[in-house]
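# Coordinate analysis (summary)
One-letter residues, chain by chain:
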Amino acid sequence: MSTLSASSRPTSEWQQLDHAHQVHPFTDQKALHGRGVRVITGAQGVYIWDSEGNRFLDGMAGLWCVNVGYGRKELTQAVQRQMEELPYYNNFFQTANVPQIELARMLAELTPNGLRHFIYSSSGSEANDTVVRLVRHYWATLGKPTKRVFIGRTLAYHGSTLAAVSLGGMPNMRGMDRVPLPEFEHIIHPHAYWQGEGVTRESYGLKAARALEEKILELGADNVAAFIGEPAQGAGGVFEAPAGYWAEIQRICRKYDVLLVADEVICGFGRTGRWFGSHTYDIAPDLMSMAKGLSSGYLPISAVAMTDRIFDVIAGGGPIAHGYTYSGHPTACAVAIANLEIMKRERIVEHVREVASPYFFQKLRELAQRHPLIGEVRGVGLMAAVQLVRDKQKRIPFDPKQEPAIKCREASLQEGLIVRAVGEAVVLSPPLIISRAEIDELVSKLSAGLDQAAAQLG
């Protein structure tokens, strides 16, 4: 029997080995050892199983990424075919391979108009690091070396490398190091719920957008390289953009000659009900980072897309001293191609927009109407946040020490549902293939988890 078979050891031994050797990201290691890891052993469709035989509906699609669902034989077969033909080669030394080239062609057809050039990497964090280097190289090549500052938003998430954390606005990620690094600034994100009665989403959205102009004037336009934003903010708490927000952001960027970067790592490949969040919000970015849904998480791959405006300048500026060992890994590219073919053939993006998303939000809002803990349901496509509050009429939040979202997350897990706790909100991002019956199951299990959390909170 293979030593990689879950049944080759009891769960307790796998847990002991895990504690002895593996360091987990975004985790309190001591607390984890006290309870032991959950050992995941299998998956199919929207469900995963652990080593104890428990089944869970994966309400987070892994980490926002398993868009076409688990168990897709077309993707594992693509891996095998490519591994047998050309398992790996780099694209550093004036070489390329067929999967790299074909994937770039497909992406040029799917991405918003004008994004025709692609540089590969292996994660969203790497893609956003790449954005920083390319943008600064672009301005330096144009003879404007002082244009180096990036402006992001509070509660934005762009990855966990030093540059990506600096781009982001997640306070809990800055405790490990002195970040943000110099030349990274932030403005408010467009979420009106906590701003008081009488403040509409649209009016606050315009206020948040105009904060960009104020920041540019404060810093000096000659020093600002780019504004970066997720079309809809994901890991920070799922904040969809109000009407008019992105139009105003783009007006300001054009006025001050500031590049616009769309971080599509979560929003891309159908999550918002269009191929990209930039389509959903009518954004015309100069550069766009993408990952996660590109391969539905089956293999690590990411990319940065750029317009002719950017490419033509950096292509004439000498060698691009940037890249990674696994940039354009042929097997990862082959899986991404097969993944995109599934999405097109099965009309998965249309399923999200026309079927799954409307039903998903209908059921969540019905739950919000009857449940005392839910103050707000927000989101777009198949990404949502359920805001938990102590008093929904007065919009009074819980004391964070009460950990309402964590209590709901743990209770939902007992019910067989995986959700994520972000601040005092429960976040959902299920596989894009989810059916109405599975949405019913998800909401039913979430309701039971909320009931348990309410009982604990008193």
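What comes next concerns the included structure.

Here the focus is the overall build of the protein. Counting its regular elements, the protein contains 15 helices and 15 strands. Considering only C-alpha atoms, the protein reaches an extent of 60 × 60 × 45 Å along its principal axes. Across the protein, every contact between residues at least 6 apart in sequence was considered, and the portion connecting residues at least 24 apart equals 70%. Only carbon and sulfur atoms are counted for the fraction: they give 52% of the accessible area of the protein, which is about 20300 Å². The centroid of the 47 positive side-chain charges in the protein is displaced by 3 Å from the centroid of its 48 negative side-chain charges.

The next subject is a nonpolar patch on the surface. On the surface, Tyr88, Tyr89, Phe92, Phe93 and Tyr326 cluster together to form a nonpolar patch covering roughly 570 Å² of accessible area. Here Phe92 lies in the loop between helix H4 (73-85) and helix H5 (98-110).

What follows concerns the sheet that holds strand S12 (residues 383-388). On the basis of which strands lie adjacent, the open sheet formed by four strands has the order S11-S12-S15-S14 and antiparallel pairing. On the outer flanks of this sheet lie strand S11 (374-380) and strand S14 (420-422), each paired with one strand and no other. Averaged over neighbouring strand pairs, the angle between their axes works out to 25° when direction is ignored. With four bridges connecting them, S12 and strand S15 (residues 425-428) associate as antiparallel partners. Note that in S15 the partner of Val386 across the bridge is Val426.

Here helix H9 (residues 245-255) has its buried residues at Tyr245, Trp246, Glu248, Ile249, Gln250, Ile252 and Cys253. As for H9, its buried residues are in contact with strand S5 (149-153), helix H8 (201-219), strand S7 (224-229) and strand S8 (259-263). Trailing H9 by a residue or two, Asp257 shows a phi angle of about 55°, which is positive.

This part covers the pattern of salt bridges. Scanning all chains against the criterion turns up 29 salt bridges. For Arg72, the salt bridge goes to Glu346, with nearest N and O atoms at 2.7 Å. Residue Arg72 is located in the loop between helix H3 (61-64) and H4, and its partner Glu346 is located in the loop between helix H12 (330-345) and helix H13 (348-370); the two are separated by 274 residues in the primary sequence. In this structure, Glu350 engages Arg347 in a salt bridge whose closest nitrogen and oxygen atoms are separated by 4.0 Å. Within the structure, one salt-bridge network assembled from shared partners comprises Arg210, Glu213, Glu248, Arg251 and Lys255.

With four bridges joining them, strand S1 (residues 40-44) and strand S2 (residues 47-50) adopt antiparallel strand pairing. By the bridge assignment for S2, Gln44 is matched with Tyr47. Here S1 folds back onto S2, and the loop between the two strands holds two residues, one of which, Gly45, carries a positive phi near 65°.

What follows is about the pairing of strand S4 (residues 115-121). Most of S4 sits inside the fold, with five of its seven residues counted as buried. Here S4 runs beside strand S10 (residues 302-307); their pairing, made up of six bridges, is antiparallel. Note that in S10 the partner of Ser121 across the bridge is Ser302.

Let us now look at the side chain of His186. Along the chain, His186 turns up in strand S6 (residues 184-187). Judged by its relative accessible area of 18%, His186 falls in the buried class. In terms of polar contacts, His186 uses its side chain to reach the backbone carbonyl oxygen of Gly168, at 2.7 Å. Beyond its immediate stretch of four places on either side in the chain, His186 contacts Gly152, Arg153, Thr154, Ser166, Leu167, Gly168, Gly169, Arg174, Pro180 and Lys215.

To continue, consider the sheet that holds S10. Note: strands within a sheet are paired through backbone hydrogen bonds, in either parallel or antiparallel orientation. Spatially, S4-S10-S9-S8-S7-S5-S6 is the arrangement adopted by the seven strands of the open sheet, whose pairing is mixed. The sheet terminates laterally at S4 and S6, the two strands that pair on one side only. For this sheet, the mean angle separating the axes of adjacent strands, direction not counted, is 25°. Note: S7 against S8, four bridges, orientation parallel. Paired with Ile228 across the bridge in S8 is Val261.

Relative to the assigned elements, Leu75 resides in helix H4. The spatial distance from the C-alpha of Leu75 to the C-alpha of Glu13 is 31 Å, given a sequence separation of 62 residues. In contact with Leu75, other than residues within four places in its own chain, are Val68, Ser295, Tyr298, Val335, Ala338, Asn339 and Ile342.

Leu103, Phe269, Leu340, Phe360, Leu364, Leu388 and Leu446 are the most contacted members of the largest nonpolar core, which totals 65 residues. Sort the elements by how many residues they give to this core and H13 lands first, with 10 residues. With sequence-adjacent residues up to four places away left out, Phe269 is seen in contact with Asn67, Leu107, Trp275, Phe276, Met290, Ala291, Gly293, Leu294, Leu340, Met343 and Leu432.

Our next topic: the side chain of Asn67. Mapped onto the fold, Asn67 is located in the loop between H3 and H4. In this structure the side chain of Asn67 is engaged in a polar contact, spanning 2.9 Å, whose partner is the backbone oxygen of Phe269. Other than its neighbours up to four places away in sequence, Asn67 contacts Gly268, Phe269, Arg271, Gly293, Ser296, Pro431, Leu432 and Ile433.

It is worth spelling out the packing of aromatic side chains at this point. Taken as a whole and assessed by the stated rule, the structure comprises nine aromatic pairs. On the basis of an interplanar angle of 80° and a centroid distance of 5.4 Å, the ring pair of Tyr245 and Trp246 is categorised as edge-to-face. The class for Tyr245 is buried, based on a relative accessible area of 0%. By relative accessible area, Trp246 is classed as buried at 3%. Among the aromatic residues, those joined into a ring-pair cluster are Phe227, Tyr245 and Trp246. The side chain of Arg9 reaches across the aromatic face of Trp14, ending 5.4 Å from its centre.

What counts and how
Residues numbered from 1 in each chain as written. Predicted model: local features only at pLDDT ≥ 70, side-chain atom pairs only at ≥ 80, totals over all residues. Heavy atoms only, no water. Helix = DSSP H or I, 4+ residues; strand = E, 2+ residues; numbered from the N terminus. Contact = heavy atoms within 4.5 Å. Areas by Shrake-Rupley, 256 points an atom, 1.4 Å probe, with all protein chains shown as cover. Lys, Arg positive; Asp, Glu negative; His and termini not counted. Charge placed at Lys NZ, Arg CZ, Asp CG, Glu CD. Patch = residues over 30% accessible without salt bridge, like charges linked within 9 Å, V, L, I, M, F, W, Y side chains within 5 Å. Salt bridge = Lys/Arg side-chain N within 4 Å of Asp/Glu carboxyl O. Pairing = 2+ DSSP bridges. Axes fitted to C-alpha atoms, helices over the stretch in contact; angles between N-to-C directions. Buried < 20%, exposed > 50% of the residue type's maximum accessible area, 1.4 Å probe, protein only. Polar contact = N/O pair within 3.5 Å; in protein donor to acceptor, adjacent residues only side chain to side chain. Core = buried A, V, L, I, M, F, W, Y, C linked by side-chain atoms within 4.5 Å. Phe/Tyr/Trp six-rings, centres within 6.5 Å; stacked < 30°, edge-to-face > 60°. Lys NZ or Arg CZ within 6 Å of the ring centre and 35° of its normal.

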